Amino acid sequence: MTRIIDMRCRPAYLHDFFGATPGSATNDTARWLNRRVGTRGDDEHYARSRTAEGFLAEVRDAGLERAVVVGRHTPGQYLPINLIHQIVAGHDELLGIAGVDPHLQGRAAVDDAERAIRELGLAGIDIEPGFGEPARYADDPVYYPIYELCAHLGVPVFLMTGPTTPDPRINDPAPLARVARDFPQLPIVCYHGFWPNVQEALGVAFRYENIHLVPDMYLFIAGSGAYVEAANGFLGDQLLFGSSYPFRPIGQSIDDFARLGFRDDLLERLFYDNAVRLFGLEDR
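About the thresholds
Residues numbered from 1 in each chain as written. Predicted model: local features only at pLDDT ≥ 70, side-chain atom pairs only at ≥ 80, totals over all residues. Heavy atoms only, no water. Pairing = 2+ DSSP bridges. Helix = DSSP H or I, 4+ residues; strand = E, 2+ residues; numbered from the N terminus. Buried < 20%, exposed > 50% of the residue type's maximum accessible area, 1.4 Å probe, protein only. Contact = heavy atoms within 4.5 Å. Expected span 1.5 Å × (residues − 1). Arc of directions from axis to C-beta. Salt bridge = Lys/Arg side-chain N within 4 Å of Asp/Glu carboxyl O.

Visitor: Looking at this structure, I do not really get the sheet that holds strand E2 (residues 66-70). What am I missing?
Guide: Pairing between sheet strands relies on hydrogen bonds along the backbone, with the strands arranged either parallel or antiparallel. One open sheet holds the seven strands; their spatial order is E1-E2-E5-E6-E7-E8-E9, and the pairing between them is parallel. Strands with a single pairing partner mark the edges of an open sheet, and in this sheet they are strand E1 (5-6) and strand E9 (211-214). Taken together, the three bridges between strand E5 (residues 94-99) and strand E6 (residues 124-127) define a ladder with parallel strand orientation. From the neighbouring strand, isoleucine 97 faces E6, where its bridge partner is glycine 124.

Encoded structure:
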């Protein structure tokens, strides 16, 4: 059986945005998003993960080797580093990513990121340029100290991209080329894969092998077939699986991913090997 690492998998109890509160407007939004990205059956499937025990049961029932829980620090949503650490600590099947915002935090963002990796043992750093105030591109100088730190520590940096960016014009992969060129040893992971700007994202990933794409829930909707075609060609070591739970069921996403048309000999790389290499898990 293929081992699986889910690169984007959050419990509902983490925040109201993920459906923590039944009957709320934010829960209605979570259900709506599930329907938009092709969830079959119960669009409130994530209800069990409103408790820590329920989330772990979801991860284990899906047969995941690891689930990556992502923190966030933006003007609109703050998922603190200590909270992410609290969720993943003591659970071998969970990895945590710390969220920072250098514009909001100044130098403290670098200090927090270093503490998250060195002291708390989290696995990478998340930044969200398109969700800042004002929105920025990935090559904005304010983010360079984070890139430098992650390159020095040997951990990946994660960027939130995609169509939920408040200004869709910011969802542009082109500025990422400068970052990839300036930090050739830094693994850069793009959540949502810059969908719907798929061809542009593939273009920068073709040029720079340190750019990785996790289209997650957007891999299962219109316009995403090019990710599959590219993975069967040059992108096989740069594409990774993510369910984007709770916005899509883990088990359904695994099944759907396996049926998208990836080469059979490629699936283990996409589900597992690429993530192991990205996080250096083979050395732990």
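Visitor: Would you mind showing me how to read the environment of proline 246 here?
Guide: Positionally, proline 246 belongs in the loop between helix H9 (225-231) and helix H10 (250-258). On the basis of relative accessible area, proline 246 is assigned to the buried category, the value being 0%. Here the alpha-carbon distance between proline 246 and alanine 12, two residues 234 residues apart in the chain, equals 6.4 Å. Apart from the residues within four sequence positions on either side, proline 246 is in contact with Arg10, Phe18, Asn34, His45 and Tyr46.

Visitor: It is not clear to me how helix H5 (residues 107-118) should be interpreted in this structure. Could you clarify?
Guide: Given 3.6 residues to a turn, an α-helix orients residues that are three or four positions apart in the same direction. Taking 1.5 Å of rise per residue, the 12 residues of H5 would be expected to cover 16 Å, and the 17 Å separating its terminal C-alpha atoms lies within 8% of that figure. Those residues of H5 that fall on the buried side of the exposure criterion are Ala109, Val110, Ala113, Ala116 and Ile117. For H5, the angular spread of buried residues about the axis comes to 125°, placing them on one side. Those residues of H5 that are exposed and angled more than 90 degrees off the buried face are Arg107 and Arg118. Tucked into the core, H5 has its buried residues touching helix H3 (81-88), E5, helix H4 (102-105), E6 and helix H6 (144-153).

Visitor: Teacher, can you tell me more about the pattern of salt bridges here?
Guide: Where charged atoms of side chains with opposite charge meet at close range, the side chains can pair. This structure, assessed with the given rule, holds 17 salt bridges. With a shortest N-O distance of 2.7 Å, aspartate 61 and arginine 48 are connected by a salt bridge. Of the two residues, aspartate 61 is situated in helix H2 (residues 52-61) and arginine 48 in the loop between helix H1 (25-36) and H2; the sequence distance between them amounts to 13 residues. For aspartate 61, a relative accessible area of 58% puts it in the exposed group. Given a relative accessible area of 38%, arginine 48 falls into the partly exposed group. Note that arginine 118 is salt-bridged to glutamate 114, the shortest N-O span being 2.7 Å. With arginine 118 and glutamate 114 both in helix H5 and four residues apart, this pair spans about one turn of that helix. According to the relative accessible area criterion, arginine 118 is exposed, its value standing at 52%. Bridged by salt links that share partners, the residues Arg31, Arg35 and Asp43 form one connected network.

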